[in-house]
Amino acid sequence: MAVSMSYKNKKIADVAEVLQKRLAKLDDKASILRATELKALYAELPQLRPEEKAAFGKEINQLKADLAEEVAKAGAKAEKLEPIDVTAPFDENVKGNKPRLLPTDQGSRHPLMTELDSVLDIFYRMGFTAIESRQIDDDYHMFETLNFPEGHPARDDYDTFMTKEGLIAPAHTSTMQNRVLKAHKKNLKDGKPIAVVIPGRVFRNEDVDARHEHTFYQLEGVYVGKNINAGNLIATLKTFLEEYYQQELDVKTQPFYFPFTEPSFEFAISCPFCQKKGCQVCSYAGWIELLGCGMIHPNVLKMAGIDANEYTGFAWGCGIDRLVMMKQNIEDVRHSESGKLEFLRQFK
Ligand code: DAH
């Protein structure tokens, strides 16, 4: 038995014993690493006294490593696959050296990308241009330009991944705001607004379930001009959403907090499936909270060199997966990144 039973902490030793027994019976051995008992142990950490924390944390990590070793061993037994040498040279022109590809007529477009086209098409008709966001960014664009100074507690709401060099897998498409404002600010001098939407892939350190993924898509919107107010923000989003869902919707906002907008709102629409009667999609609330938005904070405009006394604007960030799930009646967000053909082929 490789899972060491020598855990000093009684609670961890008990969990180790339970999981060890369960592992023997599991078909999907790797699922043991997501066991709720393990998560519960990690969840206890913040409540411990500092002097207990380190030892407890070390033992949970040890338990997880031991289980991972068991899982790896079981996998090695189950499938003796030839390892692929990923460093081997590959010459496209050598006969017989071609990769085996599925015939193209079996392929299909990912539903998210098809829907994104129709989302963008609506915004183009409303006078917006589009630019894709980046999949790797820096602290300056992720936080500083968005009015989260160093050490600001709201940084903790955006728990994402960082490379050793300090580069960041962006947790939201708002990382593009400063770039877009700078690139288009000459519009303002010409008497025209800045109107840009920014689709892109974002990454979060999430506990994954049917409604949460670590990788998903967002659509950011930025609009700046003279005398722009929250009424313009609400009208723009309502117009877009009614066009996208092809029906009249009620909308409501409630106050929220984002460092980069003031005031900030959460924006909800009446459920497009039940028209507020209550159904499974809206968890019988009649309303669906869809996105975060607000009036761009003067500091964000200033950081991009825009005079916040002369110009105002609004911005929003919306999960595209969520939008599409509701349109296409998809019950689990994890299908999106799964690459499962049974899922993808339904959208051929
Ligand atoms: N970036 C926010 C998030 O991912 C969403 C958001 C809120 C974007 C307000 C905005 C905004 O542009 O103004 O949680």
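A. Looking closely at the domain arrangement of the chain. For the chain, the domain assignment lists domain 1 (10-78) and domain 2 (111-347). On a C-alpha basis, the centres of domain 1 and domain 2 stand 37 Å from each other.

B. Highlighting the pairing of strand 5 (residues 215-225). Most of strand 5 sits out of view: 8 of its 11 residues are buried. When strand 4 (residues 194-203) meets strand 5, the two strands line up antiparallel, connected through 10 bridges. Note that in strand 5 the partner of Val 202 across the bridge is Phe 216. Across 8 bridges, strand 5 lies against strand 9 (residues 312-319) in antiparallel orientation. Bridge assignment links Gly 221 to a residue of strand 9, and that residue is Trp 316.

C. Highlighting the nonpolar core. The biggest cluster of nonpolar side chains holds 50 residues, and the ones touching the most others in it are Leu 181, Val 196, Val 222, Val 224 and Cys 293. Excluding residues within four positions of it along the chain, Val 224 makes contact with Leu 181, Leu 188, Pro 193, Ile 194, Ile 296, Ile 306, Tyr 311 and Gly 313.

D. Local environment of the sheet that holds strand 1 (residues 129-130). Taking strand neighbours across the sheet as the criterion, the 7 strands line up as 1-4-5-9-8-7-6 in an open arrangement whose pairing is mixed. Every other strand in the sheet has two partners, leaving strand 1 and strand 6 (251-256) as the edge strands with one partner each. As paired strands, strand 6 and strand 7 (residues 261-270) are joined by 6 bridges and run antiparallel to one another. In the strand pairing of strand 7, Thr 253 is matched with Phe 267. The sheet strands contacting helix 4 (residues 111-125) are strand 1, strand 4 and strand 5, and the helix crosses strand 4 at an angle near 165 degrees.

Definitions and limits used
Residues numbered from 1 in each chain as written. Predicted model: local features only at pLDDT ≥ 70, side-chain atom pairs only at ≥ 80, totals over all residues. Domains from an automatic or database assignment. Buried ≥ 20, exposed ≤ 12 C-beta atoms within 10 Å, placed from the backbone. Helix = DSSP H or I, 4+ residues; strand = E, 2+ residues; numbered from the N terminus. Pairing = 2+ DSSP bridges. Core = buried A, V, L, I, M, F, W, Y, C linked by C-beta atoms within 7 Å. Contact = placed C-beta atoms within 7 Å. Axes fitted to C-alpha atoms, helices over the stretch in contact; angles between N-to-C directions.

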